[in-house]
Amino acid sequence: MSEWTIQDSAELYQVEGWGEPYFKINEKGHIAVLPRGEAGGELDLFNLVQDIQKRGLKMPLLIRFSDILADRIARLNECFIQAIKEYDYKGDYKGVYPVKVNQQRHVVEEVVEFGRSYQFGLEAGSKPELLIALATLKTPGALIICNGYKDSEYIETALLAQRLGHTPFVVIERFHELTLLIEAAQKLGIQPLIGVRAKLTARGIGRWGDSTGDRAKFGLSADEIMEVVAQLKKANLLSSLQLLHFHIGSQISAINVIKTALREASCIYVELARMGAPMQYCDVGGGLAIDYDGSKTNFRASKNYNMQEYAYDVVAAFQEACREKNVTVPTLVSESGRAITSHQSVLVFDVMGVSHPQFGEPQPAERGEHSIIRNLYETYTQIASDNVQEAFNDASQFKEEALSLFALGYLSLGERARVERLYWGCCQKILGLVRELDYIPDELADLEKNMASTYYCNFSVFQSVPDSWAIDQLFPIAPIQRLDEEPTVRGTLADLTCDSDGKIDQFIDLRDVKSVLELHPLREGEPYYLALFLNGAYQEILGDMHNLFGDTNAVHIRLASSATGEQSYLLEHVVKGDTMTEVLRYVQYDHEALLESIRRESEQALRERRITLSESRLLLQHYERSLSGYTYLTSEPQRELARS
Ligand SMILES: *Cc1c(COP(=O)(O)O)cnc(C)c1O
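Residues numbered from 1 in each chain as written. Predicted model: local features only at pLDDT ≥ 70, side-chain atom pairs only at ≥ 80, totals over all residues. Heavy atoms only, no water.

1. Observations concerning the packing of aromatic side chains
Going by this rule: Stacked, tilted and edge-to-face are the three classes assigned to paired rings of Phe, Tyr and Trp, where Trp is represented by its six-membered ring and a pair needs centres within 6.5 Å; plane angles under 30 degrees give stacked, over 60 edge-to-face, the rest tilted. Secondary structure elements are taken from DSSP: a helix is a run of H or I of four residues or more, a strand is a run of E of two residues or more, and numbering for both begins at the N terminus. Partly exposed residues are those whose accessible area sits between 20% and 50% of the maximum for their type, while under 20% is buried and over 50% is exposed, using a 1.4 Å probe and protein chains only. Whether a charge lies above a ring is judged from NZ of Lys or CZ of Arg, which has to be within 6 Å of the ring centre and within 35 degrees of the ring normal.
A full pass over the atoms with the stated rule returns 19 aromatic pairs. When the ring of Phe-23 is compared with that of Phe-533, the centres are 5.0 Å apart and the planes differ by 65°; the resulting orientation is edge-to-face. Taken together, the residues Phe-23 in strand β1 (residues 23-25) and Phe-533 in the loop between β21 (529-532) and α19 (539-542) connect sequence positions 510 residues apart. Across this residue pair, the class does not change: Phe-23 and Phe-533 are buried. Centre to centre, the rings of Tyr-423 and Trp-424 are 5.4 Å apart; their planes meet at 65°, and the pair counts as edge-to-face. Residue Tyr-423 is classed as buried on the basis of its relative accessible area, which comes to 8%. An aromatic cluster is built from Phe-80, Tyr-93, Tyr-305 and Tyr-310, whose rings are joined through pairwise contacts. Sitting above the plane of the Tyr-423 ring, Lys-399 keeps its charged end 4.3 Å from the centroid. One Lys or Arg, Arg-416, reaches over the ring of Phe-406 and ends 4.9 Å from the middle of that ring.

Shown next as C-alpha cells:
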C-alpha cells in the first residue's frame, strides 16, 4: 500500500473538476482558496476559519470571497468580448445580474462595483427587487431588466426611473401587462422601453424544464406577440419595443438545449425587426450552468459546455439569423445568476460527533450460547469473496429469526444485542470484500449506505442548503483539513434539526451519485471542519428557519498584501447570524415577555422550595444568555459516539 497523498484526495473529492481555478489542496493537506483564480494569491481555508473564529465568530460560517465574484463577472464579460471579436459581431454584450439569485446587499453592491467597467446591469423579478436595483445601480448606460408579475405601481416606478437616468426595460411577460404599460405611458407622458418575453417551444430538460414550452408560467405565445405588436402600433408605441427576452430555466446541463432555444429566439427576433419594431436587444435569460460534480457531462449536477462555448453559441446564433435576413444584430444581454454567484460562497461547519452502526470485532460464540448466535458466528468466520451474497443472505436470515424469537420471549435483550453486533460484524466484513468486486449484486447495493457512519454536523440543511433537501441538488462537500491522510470512514451527514430530512446522503461522483462521503475518524479534542462549496446561488434566500435555526454568520473576505508583501486578506463585512431573540421575534415572541414568564415561574418554584436559589440563578442566566446568542451549537471538542 502506498502512502495517501493530497493528489489522492484531490481525485477523491473531485476538487479540480468543480473547483478550478478557485480551490485546490495545498501541501499542508488543507483546502486552499485562490480567489483571483489564475491571477495569483492563495489563502489557506483551514487557517482562515481558525482566524475568523478567534475574532469571536462561531460556526457554522458562510465565507464569501469578493475576489471570486469579481473574477466570475470579468470572466463572463470577457467570454462575450472574445466571442464578439472572434465572430466579428457588430453588436455589444451588456449582461445583467438577476437579483433573486442572491439579494444580500453586500453581494448586489459588489456585483455593481465589479461590473461597472462592463456596464453590467441588474435584473429584477419583483417589485422589491426593482427597489433594490433602482437604488443600487449607479452605472451609466447599464440596463435594468424588469421581469416578473407587474402591477401599475411596478410599471410606473420603472418608467419614472428613466427620469433618474436609468435604462429600465419593462418586459411584458403576460399579455395583461401590455394594457397597464400603455396606460402608464400615457398617464406619465413617458416613452417606455419595452421588451417581450417569448414562450419558446424548445423545452429545457431537467428540473427547470417547465420554464418554457406551451404551458410555461411566463412568456407570450407567437399569437400574443403578434397582438402586442398590433396594439403597440395602435397606441403609437411600437418604437418602444426594442428587446426580446426568453428564459429556458436554470442549470441547463446540455448545450444542445441552449442551441435549440437560441435558434428559435433569434428567428423571433428577426421577425419582430421585420415587422417594424426598432429592435436593439436580445436578452437570453439565465440557464448558464455550473459543474457541481466536475464530470463535464450533461448530468443534472454538471454541464457539457463551458462559459466560452456558451458565449460563442449566443453570438453565433444571432449573427447567423440576422445576416440571413439582413437585420442589424442586437446588443446581447444575458441574465446569468448561478454562474456568477455560486463559487464565491463557502459554508464551513464543524462535526459535533459521529456514530457508527457497528463497533469492534465480534466476540466468538461460547459453547452454551443460543444456537442462532453460534450459527451467526460461524457465518461470520466463513465469509469470503466467493460467497458474499450467500453469507449476507444467511446473516440476514439469522437476524430476522432472532428478532422473532426475541418478540416471542425466547431470547434475552443481551442475546439480541449479541446477534445485532454479530450481524453488523458480518455486514462490515462483507462490505470490505464487496468494495473490491467489479460487479455488485443487487442485494448488496445498499450495504454501503446502511453501514455508513453518521457525522453530526453543526448546521441546518433547511437554512443553509435548502436545495439539497428540496430538489436533491448536489453540492461538492469535503473536509478542509487532513487531506494528506486517507479518509477511512464512509459517512453521511446529519444536521442539527430534529427532522429526519435534515441530512445529506447524496454526494457528487464522476458516475452518477454516491450515497456516502469518505471522511476521517474524529480525533479527541480536535475540531473537524467540513465545507460545502458552490452554494452562493439561491441557497441563502430559499433557506428557512426550521427548528428556529437562523441565518449563519457571514463574512466577506478580500485578498490583500500585508506590509511584508505576504499574502493576507481583509475581513470586509461581518454579517452576524441571527440571535435567538431575532429568530423568536420573527415568530412573534417578545424576548422580554419570555424572560419575564420564566422569572415569575422560578419565583413561584423558589417559594415552594422546588428549586434552590443557585439553580434558579443558573437557569435564568442560561435563558438570558441564550436569547442574545447564536442559534447554533457552541462547539465543544467532539466525542466519538459509540453507537447510533
Ligand atoms: C431565475 C432567473 C434567472 C437566473 O437564472 P440562472 O440560471 O441562475 O442564471 C434569469 N432570468 C430569469 C427570468 C429568471 O427567472
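2. Considering the packing of helix α14 (residues 388-407) against helix α15 (residues 413-434)
The condition is simple: Think of each axis as a best-fit line through the C-alpha atoms, taken over the contacting stretch in the case of a helix, with angles from 0 to 180 degrees between the N-to-C directions. Oblique is the label for any angle not under 35 degrees, not over 145, and not in the 65 to 115 range, which are roughly parallel, roughly antiparallel and roughly perpendicular in turn. Two helices that cross are described as forming a left-handed crossing if the nearer one is turned anticlockwise from the farther one by less than a right angle, and a right-handed crossing if clockwise. Contacts between residues were defined by any pair of non-hydrogen atoms, one from each residue, lying within 4.5 Å. Gly falls in the polar group here, along with every residue not listed as nonpolar (Ala, Val, Leu, Ile, Met, Phe, Trp, Tyr, Cys, Pro) or charged (Asp, Glu, Lys, Arg).
Interaxial distance between α14 and α15 falls to 10 Å at its minimum, and their mutual angle equals 165°. Considered as vectors, α14 and α15 are oriented roughly antiparallel to each other. Helix-helix and strand crossings are classified by hand; for α14 and α15 the assignment is left-handed. The residues of α15 that touch α14, namely those facing Val-388, Ala-391, Phe-392, Ala-395, Ser-396, Lys-399, Ala-402, Leu-403 and Phe-406, are Leu-413, Arg-416, Val-419, Glu-420, Tyr-423, Cys-426, Cys-427, Ile-430, Leu-433 and Val-434. For the contact of α14 with α15, a count of residues per class yields 15 nonpolar, 1 polar and 3 charged.

3. Remarks on the nonpolar core
Here is the rule: Nonpolar cores were defined as sets of buried Ala, Val, Leu, Ile, Met, Phe, Trp, Tyr and Cys residues, with membership established by side-chain atoms within 4.5 Å. Domain delimitation follows an automatic or database domain assignment.
Core analysis: the biggest nonpolar cluster contains 154 residues, and Leu-45 and Ile-63 have the highest contact counts within it. The element contributing the most residues to this core is helix α10 (residues 255-274), with 10 residues. A domain-level breakdown of this core finds at least three residues from each of domain 1 (1-58 + 344-354 + 452-536) and domain 2 (66-342). Apart from the residues lying within four places of it in its own chain, the contact partners of Leu-45 are Ile-31, Ala-32, Val-33, Ile-63, Phe-65, Val-346, Ile-480, Ala-531 and Phe-533. Counting 23 residues, the second-largest nonpolar core is a separate cluster that includes Ile-373, Leu-376, Tyr-380 and Phe-398.

4. Section: the sheet that holds strand β3 (residues 43-44)
Remark on secondary structure: sheet strands pair via backbone hydrogen bonds, oriented parallel or antiparallel. Heads up, the rule is: Strands are treated as partners if at least two bridges between them are detected by DSSP.
The sheet built from 3 strands is open, its strands ordered β1-β2-β3 with antiparallel pairing. Strand pairing shows two members of the sheet lacking a second neighbour, β1 and β3, which therefore form its edges. The pairing of strand β2 (residues 31-33) with β3 spans 2 bridges and is classified as antiparallel. Bridge pairing in β3 links Ala-32 to Asp-44.

5. Some remarks on the UniProt feature "modified residue: N6-(pyridoxal phosphate)lysine" (unreviewed entry) in the chain
We apply this condition: UniProt positions are given in the numbering used here, feature names are shortened, and annotations may be inferred rather than shown by experiment.
Those residues carrying the UniProt feature "modified residue: N6-(pyridoxal phosphate)lysine" (unreviewed entry) are Lys-100 in this numbering. Take Lys-100: it is sitting in the loop between β5 (96-98) and α5 (105-115). Excluding residues that lie within four positions of it along the chain, Lys-100 makes contacts with Glu-129, Tyr-538 and Ile-541.

6. Section: the site of the ligand
Defined as follows: A molecule or strand has a residue near it when one of that residue's heavy atoms lies within 4 Å. Polar contacts here mean pairs of N or O atoms no more than 3.5 Å apart (in protein, one a potential hydrogen donor and the other a potential acceptor; neighbouring residues in sequence count only if both atoms are side-chain atoms).
By nearness alone, 17 residues border the ligand, and Lys-100, Ser-250, Glu-335, Gly-337 and Tyr-538 come closest of all. For the ligand, an oxygen atom lies 2.7 Å from a polar atom in the backbone of Gly-337. Separating an oxygen atom of the ligand from a backbone N or O atom of Arg-338 is a distance of 2.9 Å. Residues of the shell around the ligand, tallied by class, amount to 3 nonpolar, 9 polar and 5 charged.

7. Some words on a nonpolar patch on the surface
The line we're drawing: What goes into a patch is any residue over 30% in relative accessible area without a salt bridge, connected to like charges within 9 Å or, for nonpolar side chains (Val, Leu, Ile, Met, Phe, Trp, Tyr), within 5 Å. Shrake-Rupley sampling with a 1.4 Å probe provides the accessible areas, and residues are treated as covered by the protein chains on show and by no other component. Salt bridges are counted wherever a side-chain nitrogen of Lys or Arg sits within 4 Å of a carboxyl oxygen of Asp or Glu.
Residues Leu-548, Tyr-586, Val-587 and Tyr-589 make up a contiguous nonpolar surface patch of roughly 420 Å² in combined accessible area. When you line up the elements, Tyr-586 lands in helix α20 (residues 580-586). Judged by its relative accessible area of 62%, Tyr-586 falls in the exposed class.

8. Some details on the side chain of Asp-283
Note the cut-off: Charge assignment: positive for Lys and Arg, negative for Asp and Glu; neither His nor the chain ends contribute.
Considering the arrangement of structural elements, one finds Asp-283 in strand β11 (residues 281-283). The side chain of Asp-283 is buried and forms no salt bridge, while Arg-197, the nearest opposite charge, is found at 8.7 Å. Within polar-contact distance, the side chain of Asp-283 engages the backbone nitrogen of Gly-285 at 2.9 Å. Not counting chain neighbours up to four residues away, the residues in contact with Asp-283 comprise Ile-145, Leu-243, Leu-244, His-245, Phe-246, Val-333, Ser-334 and Glu-335.

9. So, helix α8 (residues 176-188)
For an α-helix, the turn length of 3.6 residues means that residues three or four places apart are oriented alike. As a reminder of what qualifies: Any helix carries an expected span of 1.5 Å times its number of residues minus one.
Between its first and last C-alpha atoms α8 spans 19 Å; for 13 residues at 1.5 Å apiece the expected length is 18 Å, and the two agree. Residues of α8 that are buried include every one of Glu-177, Leu-178, Leu-180, Leu-181, Ile-182, Ala-184 and Ala-185, and no others. For α8, the secondary structure elements touched by its buried residues are α7 (152-161), β8 (167-172), β9 (194-197) and α9 (222-234). Residue Gly-189 follows α8 closely and has a positive phi angle near 65°.

10. Quick notes on the pattern of salt bridges
Across all of its chains, the model carries 30 salt bridges by this definition. The shortest N-O distance in the salt bridge between Glu-42 and Lys-24 comes to 3.4 Å. With a gap of 18 residues between them, Glu-42 in the loop between β2 and β3 and Lys-24 in strand β1 connect regions that are remote in the sequence. With relative accessibility at 31%, the residue Glu-42 sits in the partly exposed group. For Lys-24, a relative accessible area of 33% corresponds to the partly exposed category. Between Arg-558 and Glu-572 there is a salt bridge; the shortest N-O distance is 2.7 Å. Taken together, the residues Arg-558 in strand β22 (residues 553-561) and Glu-572 in strand β23 (residues 567-575) connect sequence positions 14 residues apart. Each of the salt bridges in this network shares a partner with another, and the network as a whole consists of Glu-110, Glu-113, Arg-558 and Glu-572.

11. Let's talk about the environment of Ile-68
With respect to the helices and strands, the residue Ile-68 is situated in helix α4 (residues 66-86). Ile-68 sits 272 residues away from Ile-340 along the chain, and the two C-alpha atoms are 8.9 Å apart. In this structure, Ile-68 is in contact with Tyr-22, Phe-23, Val-33, Pro-35, His-343 and Gln-344, ignoring residues within four places of it in sequence.

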